[in-house]
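Observations on the three-dimensional arrangement
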Amino acid sequence: MKIRILGPLHAEADGAPVVPSAAKTRQILALLALHPGRPVPVAALKEELWGPLPPYSAHSTLQTYILRLRRALAGALGGPYGTAGATGPARARKLLATGHDGYLLRIAEEDVDAFAFRRAAQAGHTAFTEGDSARAARLLREALALWRGPALVDVRAGAALRIHAERLEESRLLATERRVDAELRLGLHGELLAELVELTRLHPTDERFHAQAMVAFYRAGRQSEALGLYRGLRHRLVAELGLEPAPQLQRLHQAVLSVDPRLDAPAHGGRPTPTFDLYAA
């Protein structure tokens, strides 16, 4: 079984789509997919579906949702319940198993795109730390290509799924930031400009993306636009949060003003420092 949650929920069993339409059944499938091969307690499933005060009928209703999900799986795995000679029901019960006080999907982590993303992203972060910018950029691009939209974008999320989605989105932003760092080290500032303009628009108070955009504009010979980015960010931070930009960004601003030669760092060599920390104390 293959499950994708980095975007709209999608699941396949033996190549046939298995995506329930009922909102709570989709929640169950998503939460089980985030714990591949591990039981999710009934209490955790109830809290995800109904919050900290589930209704009296929650246990029996949960069992009904599990049965519906097994029926959908059975149809894809060899024929639905009630079909003569069908192997689907038995395979569905094995795939969506009842464990000790819970349920589990008997799938491997590599069958869920979120775990494939995490593995590829971690390998990319490691390559960056080791100074291999080309490999880091390639691995991080491969990881980010697994995303088809916001995590669990079409799944109603309770407390547990919201936490998982937020963590995945943070990991996505970090992977994007590090990939841009690697490509800046490869001298690809010109190719990154349009993307960085969009990233700063989507994340108007994100100082790290603004630092990267400032460096890219500076290296492209567009110093005034680098300075304009800083002024716009500072105005938003002061107006909305009552904060000045971080010291690293203030020092980067001064470096752009003074045409600091460190901004024109060679594409290779030197310590693999994230762009935001180029002027860390």
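Report on the accompanying structure. Just so we're clear, the structure is a prediction, and the values are computed from it rather than from any experiment.

1. Regarding unusual backbone geometry
Positive phi, close to 55°, is recorded for Asp14, a residue that is not glycine. When you line up the elements, Asp14 lands in the loop between strand 2 (10-13) and strand 3 (16-17). Judged by its relative accessible area of 53%, Asp14 is exposed. A positive phi is found at Leu152, a non-glycine position, where the angle reads about 55°. In this structure, Leu152 sits in the loop between helix 6 (133-144) and helix 7 (159-185). Accessibility expressed as a relative area gives 6% for Leu152, which makes it buried.

2. Remarks on the environment of Leu6
With respect to the helices and strands, the residue Leu6 is situated in the loop between strand 1 (2-4) and strand 2. In this structure, the C-alpha to C-alpha distance between Leu6 and Ala151, residues 145 residues apart in sequence, is 4.3 Å. Beyond its immediate stretch of four places on either side in the chain, Leu6 contacts Asp113, Ala114, Phe117, Leu146, Trp147, Arg148, Gly149, Pro150, Ala151 and Leu168.

3. What to know about the pattern of salt bridges
Per the stated rule, a full pass over the model turns up 16 salt bridges. For Glu109, the salt bridge identified is with Arg38, shortest N-O distance 3.9 Å. Of this pair, Glu109 sits in the loop between strand 6 (102-105) and helix 5 (113-129) while Arg38 is found in the loop between helix 1 (23-33) and strand 4 (40-41), placing the two residues 71 residues apart along the sequence. With a relative accessible area of 36%, Arg38 lands in the partly exposed category. Taking the shortest distance from any N to any O, the salt bridge between Arg141 and Glu183 comes out at 2.8 Å. Of this pair, Arg141 sits in helix 6 while Glu183 sits in helix 7, and the two are 42 residues apart along the sequence.

Criteria and cut-off values
Residues numbered from 1 in each chain as written. Predicted model: local features only at pLDDT ≥ 70, side-chain atom pairs only at ≥ 80, totals over all residues. Heavy atoms only, no water. Helix = DSSP H or I, 4+ residues; strand = E, 2+ residues; numbered from the N terminus. Buried < 20%, exposed > 50% of the residue type's maximum accessible area, 1.4 Å probe, protein only. Contact = heavy atoms within 4.5 Å. Salt bridge = Lys/Arg side-chain N within 4 Å of Asp/Glu carboxyl O.

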